[in-house]
Amino acid sequence: MQTETPDRILRIKTVLARTGLSRSTMYRKMDNGTFPRSIKISTRCAGWRASAIAEWMKNPMFYTTDDHPAS
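Computed from a predicted structure; not experimentally measured. (Residues numbered from 1 in each chain as written. Predicted model: local features only at pLDDT ≥ 70, side-chain atom pairs only at ≥ 80, totals over all residues. Heavy atoms only, no water.)

Draft legend 1. Seen up close, the side chain of Thr 19. Structurally, the position occupied by Thr 19 is in helix α1 (residues 12-19). Look at Thr 19 and you get buried, because its relative accessible area is 15%. At 2.9 Å, the side chain of Thr 19 and the backbone oxygen of Val 15 are in polar contact. A polar side-chain atom of Thr 19 sits 3.3 Å from the main-chain amide nitrogen of Leu 21. Ignoring anything within four residues of it in the chain, the contact list for Thr 19 reads Phe 35, Ile 53 and Trp 56. (Helix = DSSP H or I, 4+ residues; strand = E, 2+ residues; numbered from the N terminus. Buried < 20%, exposed > 50% of the residue type's maximum accessible area, 1.4 Å probe, protein only. Polar contact = N/O pair within 3.5 Å; in protein donor to acceptor, adjacent residues only side chain to side chain. Contact = heavy atoms within 4.5 Å.)

Draft legend 2. The arrangement of the packing of aromatic side chains in detail. Following the criterion strictly, the structure yields two aromatic pairs and no others. Relative to Trp 56, the ring of Phe 35 lies with its centre 5.0 Å away and its plane at 70 degrees, an arrangement referred to as edge-to-face. Residue Phe 35 is found in the loop between α2 (23-32) and β2 (39-42), and its partner Trp 56 is found in helix α3 (residues 50-58); the two are separated by 21 residues along the sequence. Overall, Phe 35 belongs to the buried group, its relative accessible area being 0%. (Phe/Tyr/Trp six-rings, centres within 6.5 Å; stacked < 30°, edge-to-face > 60°.)

Draft legend 3. Structural view of the pattern of salt bridges. Here the structure, examined in full by the defined rule, presents two salt bridges. For the salt bridge of Asp 31 with Arg 37, the shortest nitrogen-to-oxygen distance reads 4.0 Å. On the accessibility criterion, Arg 37 (48% relative accessible area) is partly exposed. A salt bridge links Lys 58 to Glu 55; the shortest N-O distance between them is 3.4 Å. Here Lys 58 pairs with Glu 55, and both are found in helix α3, just three residues apart, close to one helical turn. On the basis of relative accessible area, Lys 58 is assigned to the exposed category, the value being 65%. (Salt bridge = Lys/Arg side-chain N within 4 Å of Asp/Glu carboxyl O.)

Draft legend 4. Region of interest: the environment of Met 57. By the element assignment, Met 57 lies in helix α3. In the structure, Met 57 is positioned 38 residues away from Thr 19 in sequence and 7.1 Å away in space, judged by C-alpha atoms.

So this is what it looks like as structure tokens:
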């Protein structure tokens, strides 16, 4: 029996540390569709799916959100 591990939600400091991007570069890439979009966690809180960040890190130069639909 295989259990599915839940996808973790990463906060901005963790995302920036893992990717090595600056905050402004990350948001610019999100606007251009070359970085995963954040998801709303609560009224004033957003995060990124760990799986989406891992997918981006596999090939950051050629990542597009068109190729990776939001789930």
